[in-house]
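Understanding the architecture of this molecule
Okay, here's what each chain looks like letter by letter:
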Amino acid sequence: MPYQEVFVLFWEQVKESIQEGRFAKLTMAKTIGKPELKNIFLRPVYSDKGFKVLLKFRYRSRDTEDQEQELSLEEALEVIKPHIKNPFLSVLLFTTSKDVIFKVNKKGVGSITETFPSFQNVTQAKTDLE
């Protein structure tokens with residue numbers, strides 16, 4: 001199945017984990033080559049105004065400062081989608097009940113696997129953006 005269709009299913013699990021309060025973190029990893037952008041992370045931020053995520057771009061070079069933005073989940077999706085397959089081949093969803101791994105192979109086929117949870121508790125991101 002094309003990775004775009006599989007990612008839609010994966011993203012449904014992301015939304016479900018947030019609705020159920022199990023979302024711990026989302027990480028985009030495993031790049032093609034060694035691009036300047038090393039990882040993209042999403043961490044939960046709960047507030048009186050509803051659920052947001054802290055989106056963090058981590059760069060390989062220590063000369064480049066990491067960038068952070070507080071966004072809605074829909075806004076974060078629009079930022080991360082263009083990075084799927086180029087350069088990131090995997091997206092890891094960490095929840096308190098399971099870890100869900102979305103991968104894209106060299107032929108552009110997506111897959112989802114589940115493993116035991118890495119996190120037992122949800123830790124809210126600390127943000128200086130307020």
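Residues numbered from 1 in each chain as written. Predicted model: local features only at pLDDT ≥ 70, side-chain atom pairs only at ≥ 80, totals over all residues. Heavy atoms only, no water.

**A word on the environment of Glu12**
- Residue placement: Glu12 occurs in helix H1 (residues 3-19).
- Through-space distance from the C-alpha of Glu12 to that of Leu89 is 19 Å; in sequence the pair is 77 residues apart.
- Within polar-contact distance, the side chain of Glu12 engages the side chain of Lys15 at 3.1 Å. (Helix = DSSP H or I, 4+ residues; strand = E, 2+ residues; numbered from the N terminus. Polar contact = N/O pair within 3.5 Å; in protein donor to acceptor, adjacent residues only side chain to side chain.)

**Observations regarding the pattern of salt bridges**
- Within this structure, the stated rule accounts for 7 salt bridges.
- Of the charged contacts, one joins Glu20 and Arg22 as a salt bridge, the two residues approaching to 2.7 Å between their closest N and O atoms.
- In this structure Glu20 comes out as exposed when scored by relative accessible area, which is 51%.
- A salt bridge links Lys56 to Asp66; the shortest N-O distance between them is 3.9 Å. Of this pair, Lys56 sits in strand E3 (residues 50-59) while Asp66 sits in the loop between E3 and strand E4 (67-71), placing them 10 residues apart in sequence.
- The exposure class of Asp66 is partly exposed, given its relative accessible area of 27%.
- Several salt bridges converge on common partners, so that one network encompasses Lys56, Arg58, Asp66 and Glu68. (Salt bridge = Lys/Arg side-chain N within 4 Å of Asp/Glu carboxyl O. Buried < 20%, exposed > 50% of the residue type's maximum accessible area, 1.4 Å probe, protein only.)

**A word on the environment of Gln4**
- Tracing the chain through its elements places Gln4 in helix H1.
- Assessed through its relative accessible area of 45%, Gln4 is described here as partly exposed.

**Looking at the side chain of Thr95**
- Assignment of secondary structure puts Thr95 in strand E5 (residues 88-95).
- Overall, Thr95 belongs to the buried group, its relative accessible area being 1%.
- A distance of 3.2 Å separates the side chain of Thr95 from the backbone nitrogen of Ser97, its partner in a polar contact.
- Within the structure, the side chain of Thr95 is placed 2.5 Å from the backbone oxygen of Lys98, a separation counted as a polar contact.

**Let's talk about helix H2 (residues 73-80)**
- Among all positions of H2, only Leu73, Ala76, Leu77 and Ile80 are buried. Seen end-on, H2 carries its buried residues on one side only, within an arc spanning 105°. Away from the buried face of H2 by more than 90 degrees, exposed residues Glu74 and Glu78 are located.
- Tucked into the core, H2 has its buried residues touching H1, strand E1 (23-31), strand E2 (37-47), E3 and E4. (Arc of directions from axis to C-beta. Contact = heavy atoms within 4.5 Å.)

**Description of the nonpolar core**
- Ranked by size, the top nonpolar core spans 30 residues in total, and within it Phe7, Phe10, Trp11, Val14, Leu26 and Phe102 carry the most contacts.
- Of all elements in the fold, only H1, E1, E2, E3, H2, E5 and strand E6 (99-104) reach the threshold of two or more residues within this core.
- The element best represented in this core is H1, accounting for 7 residues.
- Those residues in contact with Trp11 that sit more than four places away from it in its chain are Leu26, Leu42, Leu73, Leu77 and Ile80. (Core = buried A, V, L, I, M, F, W, Y, C linked by side-chain atoms within 4.5 Å.)

**Let's talk about the pairing of E6**
- With 5 of its 6 residues buried, E6 lies for the most part within the structure.
- Note: E5 against E6, 5 bridges, orientation antiparallel. Residue pairing across strands places Leu93 opposite Val100, the latter belonging to E6.
- The sheet contact formed by E6 and strand E7 (residues 110-115) spans 6 bridges and is antiparallel. Bridging from a neighbouring strand, Ile101 pairs with Thr113 of E7.
- Here E6 folds back onto E7, and the loop between the two strands holds 5 residues, one of which, Gly108, carries a positive phi near 80°. (Pairing = 2+ DSSP bridges.)

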